[in-house]
Amino acid sequence: MATIQILDKQTLSNKKYPLKYITFEKPDAEGEFHNLQKEVYFRPDAVAVLLVDADQKKLLLVKQFRLPTYLNGSDSGYLVEACAGLIDENETPEQTVRREVEEETGYQVTELTKIAGAYTSPASATEFLHLFTAAYQSDKDHSKTGGLKAEGESIELIEMGFDEAREKLKQGEFRDMKTILLLQYFFLNQPS
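All values reported here derive from a predicted model rather than from experimental measurement.

1. With respect to the overall build of the protein
Each helix and strand counted, the protein has four helices and ten strands in total. Shown N-terminal to C-terminal, the secondary structure of the protein runs as helices and strands in the order β-β-β-β-β-α-β-β-α-β-β-β-α-α. Dimensions of the protein, computed from the C-alpha atoms along their principal axes, are close to 60 × 40 × 35 Å. Within the protein, the proportion of its 192 residues that are buried is 36%. Within the protein, counting contacts between residues at least 6 apart in sequence, those at least 24 apart form 55% of the total.

2. Some thoughts on the nonpolar core
Across soluble globular proteins, nonpolar side chains show a tendency to be buried alongside one another. In this structure, L50, L59, L183, F186 and F187 are the most contacted members of the largest nonpolar core, which totals 22 residues. Taken together, the elements giving at least two residues each to this core come down to β4 (46–53), β5 (58–65), β7 (83–86), β9 (128–135), β10 (156–161), α3 (162–170) and α4 (177–189). Excluding its chain neighbours within four sequence positions, the residues that come into contact with F187 are L59, F162, A165, R166 and L169. Core analysis: the next-biggest nonpolar cluster, separate from the first, contains 13 residues, V49, L60, V97 and F132 among them.

3. Overview of the pattern of salt bridges
Going through the model one piece at a time under the given rule, you end up with twelve salt bridges. Of the charged contacts in the structure, one is a salt bridge between D163 and R166, with a shortest N-O distance of 3.1 Å. Separated by three residues within a single helix, D163 and R166 lie in helix α3, roughly one turn from each other. On the basis of relative accessibility, which here comes to 60%, the residue D163 falls in the exposed class.

4. Regarding helix α2 (residues 93–105)
Helix length check: α2 (13 residues) gives 18 Å between terminal C-alpha atoms against 18 Å at 1.5 Å per residue, within 8%. All of the buried residues along α2 are P93, T96, V97, E100, V101, E103, E104 and T105. For α2, the buried positions fall inside an angular range of 170° around the axis, keeping them on one side. Looking at the buried residues of α2, the elements they touch are β4, β5, β7, β8 (110–119), β9 and β10. Looking at the residues trailing α2, positive phi occurs at G106, about 85°.

5. A short note on the sheet that holds strand β1 (residues 5–13)
One open sheet holds the three strands; their spatial order is β1-β2-β3, and the pairing between them is antiparallel. The two strands at the open ends of the sheet, each matched to only one other strand, are β1 and β3 (33–41). Sheet twist, expressed as the mean angle between neighbouring strand axes with direction ignored, is 20°. In this sheet, β3 lies alongside strand β2 (residues 19–27) in antiparallel orientation, the contact comprising nine bridges.

6. So, the environment of G85
Relative to the helices and strands, G85 resides in strand β7. The spacing of G85 and F42 is 43 residues in sequence and 15 Å in space, taken between C-alpha atoms. Setting aside chain neighbours within four positions, we find G85 in contact with A46, V47, T96 and E100.

7. Observations regarding α3
Three or more residues of α3 are buried, namely F162, A165 and L169. Around the axis of α3, the buried residues are gathered within 70° of arc, so they sit on the same side. Exposed positions of α3 whose direction lies more than 90 degrees from the buried face are D163 and K170. Residues of α3 that are buried in the fold lie against β4, β5, β10 and α4. Just downstream of α3, G172 is the residue with a positive phi angle, here 75°.

8. Looking at the packing of aromatic side chains
A ring pair, where both rings are aromatic, is described by two values, the distance of the centres and the angle of the planes. Per the stated rule, a full pass over the model turns up seven aromatic pairs. Between the aromatic rings of F162 and F186, the centroid separation amounts to 5.0 Å while the plane-to-plane angle is 75°, which identifies the pairing as edge-to-face. Highlighted residues: F162 in helix α3 and F186 in helix α4, separated in sequence by 24 residues. Relative accessible area serves as the criterion here: at 11%, F186 is assigned to the buried category. Centre to centre, the rings of F186 and F187 are 5.2 Å apart; their planes meet at 65°, and the pair counts as edge-to-face. Residues F186 and F187 agree in their burial class; the two are buried. Chaining the aromatic ring pairs together yields one cluster made of F65, Y70 and Y78. Between K20 and the ring centre of F42, over which it is positioned, the NZ or CZ distance is 6.0 Å.

Thresholds applied
- Residues numbered from 1 in each chain as written.
- Predicted model: local features only at pLDDT ≥ 70, side-chain atom pairs only at ≥ 80, totals over all residues.
- Heavy atoms only, no water.
- Helix = DSSP H or I, 4+ residues; strand = E, 2+ residues; numbered from the N terminus.
- Buried < 20%, exposed > 50% of the residue type's maximum accessible area, 1.4 Å probe, protein only.
- Contact = heavy atoms within 4.5 Å.
- Core = buried A, V, L, I, M, F, W, Y, C linked by side-chain atoms within 4.5 Å.
- Salt bridge = Lys/Arg side-chain N within 4 Å of Asp/Glu carboxyl O.
- Expected span 1.5 Å × (residues − 1).
- Arc of directions from axis to C-beta.
- Pairing = 2+ DSSP bridges.
- Axes fitted to C-alpha atoms, helices over the stretch in contact; angles between N-to-C directions.
- Phe/Tyr/Trp six-rings, centres within 6.5 Å; stacked < 30°, edge-to-face > 60°.
- Lys NZ or Arg CZ within 6 Å of the ring centre and 35° of its normal.

See below:
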């Protein structure tokens, strides 16, 4: 099969991360070439981690405001989700998990396990998301930082038992894709 040819790139915005309008040529299944255009958001790769206290049978999630959800029909714009963040330059996904968990929750994690990786929105964004589970101790002292004030974060910690989280998942109460995936993985692989 012939290769894809990038014909033109126009930067539409470069405020935080580049948004580009790309004209490219690619063949269809019969080998006929077509010129196409797409807007692509060049967003850095990211991590998400489900925090698990297996002894206490608890999960730790965070609740924070997400403007795009507010703009797309969420009454409040607040989501309950797994701890997550963008990977900084020269940082491994594992280092990012540890940094983000400490920034958002104040906890230190152990037993960090990568379970998968996937593109978050492959039709429009370059972001690749690394998915993890990690252990935390719910009864351990921690500094409740609630996110970085410099980034406008105001994060509420949401701790819930396994049964409550499983029921909320079944009822469709979680609205964040990475959190749904992590919870499904956890409940499918949880020892009986």
